[in-house]
Amino acid sequence: GQQVMQIPQYQHVQEGEDFTTYCNSSTTLSNIQWYKQRPGGHPVFLIQLVKSGEVKKQKRLTFQFGEAKKNSSLHITATQTTDVGTYFCAGPWYSSASKIIFGSGTRLSIRP
Amino acid sequence: GAGVSQTPSNKVTEKGKYVELRCDPISGHTALYWYRQSLGQGPEFLIYFQGTGAADDSGLPNDRFFAVRPEGSVSTLKIQRTERGDSAVYLCASSPRQYDYGYTFGSGTRLTVV
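Read on for an overview of the structure.

Conventions we followed
- The residue numbering used here restarts from 1 in each chain and proceeds along that chain's sequence as written.
- Both sets of labels track the order of writing: A upward for chains, 1 upward for ligands.
- Restriction of local features to residues with pLDDT of at least 70 applies here, the model being predicted, together with a cutoff of 80 or more for giving and counting side-chain atom pairs; totals for whole chains, interfaces and linings are based on all residues.
- Hydrogens are left out, water is left out, and the side-chain values use all remaining heavy atoms of the structure.
- Classification of residues uses two cut-offs on accessible area relative to the type maximum, computed with a 1.4 Å probe and protein chains only: under 20% is buried, over 50% is exposed, and between them is partly exposed.
- Secondary structure elements are defined from DSSP: runs of H or I of at least 4 residues count as helices, runs of E of at least 2 residues count as strands, and each element is numbered from the N terminus.
- At least two bridges found by DSSP between two strands are what make those strands a pair.
- Contact between two residues is taken to exist if any of their heavy atoms lie within 4.5 Å; hydrogens are not considered.
- In this description, a line fitted to the C-alpha atoms serves as the axis of each element, helices being fitted only across the stretch in contact, and the angle between N-to-C directions of two axes falls anywhere from 0 to 180 degrees.
- In this description, a disulfide is simply a cysteine sulfur pair whose atoms lie within 2.5 Å.
- Only one rule defines a salt bridge in this text: a Lys or Arg side-chain nitrogen within 4 Å of an Asp or Glu carboxyl oxygen.

On to the pairing of strand β3 (residues 19-25) of chain A. All names here are of chain A. Residue alternation in β3 divides its side chains into a buried set, F19, T21, C23 and S25, and an unburied set, T20, Y22 and N24. Pairing between strand β1 (residues 4-7) and β3: four bridges, direction antiparallel. From the neighbouring strand, Q6 faces β3, where its bridge partner is C23. When β3 meets strand β8 (residues 71-76), the two strands line up antiparallel, connected through six bridges. In the strand pairing of β8, N24 is matched with N71.

What follows is about the environment of B:G51. Residue and element names in this part refer to chain B. Secondary-structure assignment places G51 in the loop between β5 (44-50) and β6 (53-56). On the basis of relative accessible area, G51 is assigned to the partly exposed category, the value being 22%. The spatial distance from the C-alpha of G51 to the C-alpha of S107 is 22 Å, given a sequence separation of 56 residues. Not counting chain neighbours up to four residues away, the residues in contact with G51 comprise T30, R69 and G72.

Residues and elements named next belong to chain B. Ordered in space as β1-β3-β8-β7, the four strands form an open sheet in which the pairing is antiparallel. Of all the strands in the sheet, the pair left with one neighbour each is β1 (5-7) and β7 (65-68). Neighbour to neighbour, the strand axes of the sheet diverge by 15° on average, direction disregarded.

What follows is about the state of the cysteines. What the rule picks out here adds up to two disulfides over all chains. Through a disulfide, A:C23 is tied to A:C89; the S-S separation comes to 2.0 Å. When the S-S torsion is 80°, as for the bridge of A:C23 with A:C89, the disulfide is right-handed. Here A:C89 lies in strand β9 (residues 85-93) and A:C23 lies in strand β3, a separation of 66 residues in the sequence. Here the two residues A:C23 and A:C89 agree in accessibility, since each one is buried. Here B:C23 is linked by a disulfide to B:C92, with a sulfur-sulfur distance of 1.9 Å.

The subject of this paragraph is the pattern of salt bridges. The full count for this structure, using the stated rule, is five salt bridges over all chains. Here A:D83 makes a salt bridge to A:R60, at a shortest N to O gap of 2.9 Å. In this pair, A:D83 sits in the loop between β8 and β9 while A:R60 sits in the loop between β6 (55-58) and β7 (61-65), placing the two residues 23 residues apart along the sequence. Between B:D86 and B:R64 there is a salt bridge; the shortest N-O distance is 2.8 Å. One end of the pair, B:D86, is in the loop between β8 (75-79) and β9 (88-95); the other, B:R64, is in the loop between β6 and β7, and 22 residues separate them in sequence. Look at B:D86 and you get buried, because its relative accessible area is 4%. Residue classification places B:R64 among the buried residues on the basis of a relative accessible area of 6%. Among the ionic contacts, a cluster of salt bridges with common partners joins B:R64, B:E83 and B:D86.

Next up, the structure:
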């Protein structure tokens, strides 16, 4: 069945270093969404990418959608302690667009 | 309301008991979703409502789980004969429309079955 996988599972960086998480789907996605979940919190929507090869930026965060629309990445430049949390990608189920499937997430921790 | 409200925030119940979890979505949001999240995992889809009807309930694990949204606003997730494996955080989310729009999640209900 369709799978959405993320790597790495964990990332521990020094404050100020960059961070990247990768998301791969076994099937082509019509769109991909990214969420952030702080420790003890709930997922918060960050962005949605729709077009093949699309790149969007939010301050220090850069999101990319692959040309084949099967992979995506989130890159954070110069991490800050406020970036701590788990980052999830999510995409629609291939047979039911209303059913969004979440990846297993990448947990980011930061050494001040 | 300003956000998605879920009650209770925590629920401890004994194995075999019945529980109801409530979700009050953002006013005007027609799409409502229930997810379940276990520790260290991503949210797992349970059911999706468009208006009053369950448009997709394929994620409900078995017939002990049922959800309703009778007036197209508040939704209740009902779990019968709870089992220890049902322990998780149950998240509700809403969005203004069905497709191509990010979800707003509630803070969740942490269910513990003892």
